[in-house]
Amino acid sequence: MANYQNLKLDKSMYKAGTSFSAQLERLDPTANYAGTELGKLDAFQRQLKRFDIKVSGPKSDQVAKFFATTDSAALFPEYVGRAVLSGADENEALGKIVAAKTVINSLDYRTIGTTTGHDVSAQVVDEGEDIPETVIKLKDNLVKLTKRGRMLVASYEAVKFQRLDLFTIILKQIGAAISKAQLADAVDVLINGDGGSTHPNNNAAAQITTAQAGALSYDDLLNLWSQFEDFRMNLLLVAPDMMQKLLQLNELRDPLAGLNFQGTGTIGTPLGASVIRSTAVPEGTIVALDNRFALEMVTAGEILVDYDKLIDCQLERAAVTSLSGFAKLFPEACKVLKLKAASGTEGTGDSDS
């Protein structure tokens, strides 16, 4: 009999300091099933197969199937966490603006930077001269971590006859909501800098304004593009109102751009940058960045689920949370374009349009 059928599962596995999935993989390595049908599954999926729990499709099981035995009940928090994470992972915007993701095991984290932010140019070195140094050091202030989450409030009796495929959709929506909030945190860091308002690292993005009040022109985009010297403007995060103005520019109305927008809902600019429309961006604002160098995402572990309540209380007020923060890697890799206010004052983001 295969090893996966003999594992003893209980909630203490969630307290071991490593993820539930990692422990299952250690106890039941996927490599042992190479060349077999079971080798196409990870260790958690093999446990679902062991207890014949189908979590997707029209013939998916009821939620109650997880609680048929003590061992199978221990799988439920991992199922919840994976479903929430799959919803979070569907937020393409967050993935596209993050250059690196760091997972930590504490609440304190300092990212690294160079002494002047981006002194990495390769200079000419004459014979006998010292080679210029790029000093990499920890930043002065901690990265601000924010807990985001939702509380699952439902009695077991209220959902025990519900199919898991529909339940998965609800959990994915929770993940999407967490990811949307994280995107707003990321945009705030890109614009205002990291470290939080009480201990800022003084690395807010440089801002310029449109030439005319309440209007966006192609020259404004060129001006924004010209602000990048050592980096490449390859992505624009655009507020909904600015997206409308962007789509009205004659320079973006060529047939190829129109076909791409009508077919995929995405546009590219003549400047070579991809464009993401997001309500996380303040009104009247375009955030331009080099997504290879601008932002680091820091998380204290992955999605956290309240396993005690999920197993013992069976869905009665169980918390699903994620602790994360963002740090600017190279401040010069991000610039901000603000719509000049009708009054003529700069940097307000207001308009009469």
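None of these values were measured; they are calculated from a predicted model.

Colleague: Explanation requested: the overall build of the chain in the structure shown.
Modeller: Along its length, the chain carries 11 helices and 12 strands. Looking at the chain as a whole, 44% of its 353 residues are labelled buried. Within the chain, contacts between residues separated by at least 24 positions form 78% of all contacts whose residues are at least 6 apart in sequence. Roughly 18400 Å² of accessible area belongs to the chain as shown, and the carbon and sulfur atoms make up 51% of that amount.

Colleague: What am I meant to see in the packing of helix α4 (residues 76-89) against helix α7 (residues 164-192) here?
Modeller: Relative placement of two packed helices is described by the angle separating their axes and the distance separating the axes. Running from amino to carboxyl end, α4 crosses α7 at an angle of 55°, the nearest separation of the two axes being 6 Å. By the criterion of interaxial angle, the relationship of α4 to α7 is oblique. Regarding α4 and α7, the two cross each other, and that crossing is right-handed. On α7, the residues that touch Phe76, Tyr79, Val80, Ala83, Val84, Ser86, Gly87 and Ala88 of α4 are Leu164, Phe167, Thr168, Leu171, Lys172, Ile174, Gly175, Ala176, Ile178 and Ser179.

Colleague: Help me out: how do you make sense of the nonpolar core in this one?
Modeller: Side chains of a nonpolar character, in soluble globular proteins, are inclined to be buried together. By size, the foremost hydrophobic cluster in this structure holds 50 residues, and its most contacted members are Ile97 and Leu237. Among the elements that line this core, the one with the most residues is α7, at 6 residues. Aside from chain neighbours lying at most four places away, what touches Leu237 is Ile97, Val187, Leu190, Ile276, Val281, Thr285, Ile286, Val287 and Leu289. Core analysis: the second largest hydrophobic core is formed by 35 residues, Tyr14, Leu75, Val80 and Ala318 among them.

Colleague: Would you mind going over the pairing of strand β9 (residues 295-300) with me for this structure?
Modeller: Regular strands show a simple pattern: their side chains alternate between the two faces of the sheet. Within β9, 6 of the 6 residues are buried, which leaves it mostly tucked inside the rest of the structure. Burial along β9 is two-sided: Leu295, Met297 and Thr299 and Glu296, Val298 and Ala300, pointing in opposite directions, are all buried. Both strand β1 (residues 100-104) and β9 contribute to a ladder of 5 bridges, which runs parallel. The residue of β9 that forms the bridge with Val103 is Thr299. Where β9 meets strand β11 (residues 318-328), 5 bridges bridge the pair, whose relative direction is antiparallel. Looking across to β11, one finds that Thr299 is bridged to Ser324.

Colleague: Which parts of the structure should I look at to understand the pattern of salt bridges?
Modeller: Any two side chains of opposite charge can pair, so long as their charged atoms come close to each other. All told, the structure shown has 13 salt bridges when counted by the stated rule. Across the salt bridge formed by Asp42 and Arg82, the nearest N and O atoms sit 2.9 Å from each other. Separated by 40 residues along the polypeptide, Asp42 in the loop between α1 (20-27) and α2 (43-50) and Arg82 in helix α4 bring together distant segments of the chain. For Asp42, a relative accessible area of 24% puts it in the partly exposed group. Three or more residues are tied together by salt bridges with common partners; here these are Asp52, Lys54, Asp61 and Lys65.

Colleague: Is there a simple way to think about the confidence of the model for the chain in this case?
Modeller: Predicted coordinates in regions of low pLDDT should not be interpreted in detail. Considering every residue of the chain, the mean pLDDT works out to 84; 82% of them sit at 70 or more. Here residues 346-353 is modelled with pLDDT under 50, and outside its nearest four sequence neighbours on either side it reaches 19 contacts, counting other chains as well.

Colleague: Sorry, what's going on with the layout of surface pockets here?
Modeller: Rolled over the atoms, a probe sized like a water molecule indicates the empty space that remains. Looking at the largest pocket, its volume works out to about 620 Å³. Lining the largest pocket we find 25 residues, and of these Ser19, Phe20, Glu302, Ile303 and Leu304 sit closest to its centre. Of all the elements in the fold, those that place two or more residues in the lining of the largest pocket are α1, α4, β1 and β10 (304-305). Per element, the largest residue contribution to the lining of the largest pocket is 5 residues, and it comes from α4. Of the residues that constitute the lining of the largest pocket, the class distribution is 14 nonpolar, 8 polar and 3 charged.

Colleague: So what exactly am I meant to see when it comes to the packing of α1 against α2 here?
Modeller: Taken N-terminus to C-terminus, the directions of α1 and α2 make an angle of 80°; their axes are 8 Å apart at the nearest point. Taken together, the axes of α1 and α2 are roughly perpendicular relative to one another. Here Phe20, Ser21, Leu24 and Glu25 of α1 come into contact with α2, specifically with Ala43, Phe44, Arg46 and Gln47. Class assignment of the residues belonging to the contact of α1 with α2 gives a composition of 4 nonpolar, 2 polar and 2 charged.

Colleague: What is the right way to read the sheet that holds strand β5 (residues 206-209) from this model?
Modeller: Within a sheet, neighbouring strands are paired by backbone hydrogen bonds and run either parallel or antiparallel to one another. Read across the open sheet, the 5 strands follow the order β5-β12-β8-β6-β7; overall the sheet is mixed. Two strands in the sheet have a free side with no partner beyond their single neighbour: β5 and β7 (274-277). Across the sheet, the mean angle from the axis of one strand to that of its neighbour is 20°, orientation sign disregarded. Of the pairings in the sheet, the one linking β5 to strand β12 (residues 334-338) comprises 4 bridges and is parallel in character. Its bridge partner being in β12, Ala206 is matched across the sheet by Lys335.

The rules behind these values
Residues numbered from 1 in each chain as written. Predicted model: local features only at pLDDT ≥ 70, side-chain atom pairs only at ≥ 80, totals over all residues. Heavy atoms only, no water. Helix = DSSP H or I, 4+ residues; strand = E, 2+ residues; numbered from the N terminus. Buried < 20%, exposed > 50% of the residue type's maximum accessible area, 1.4 Å probe, protein only. Contact = heavy atoms within 4.5 Å. Areas by Shrake-Rupley, 256 points an atom, 1.4 Å probe, with all protein chains shown as cover. Axes fitted to C-alpha atoms, helices over the stretch in contact; angles between N-to-C directions. Parallel < 35°, antiparallel > 145°, perpendicular 65-115°, else oblique. Left-handed = near helix turned anticlockwise from the far one by under 90°. Core = buried A, V, L, I, M, F, W, Y, C linked by side-chain atoms within 4.5 Å. Pairing = 2+ DSSP bridges. Salt bridge = Lys/Arg side-chain N within 4 Å of Asp/Glu carboxyl O. pLDDT = per-residue confidence, 0-100. 1 Å grid on protein atoms, 1.4 Å probe; cavity = no way out; pocket = protein on both sides within 12 Å on 5 of 7 lines; lining within 4 Å. Points joined across faces, edges and corners; volume = space filled by probe spheres on them. Nonpolar A, V, L, I, M, F, W, Y, C, P; charged D, E, K, R; others polar.

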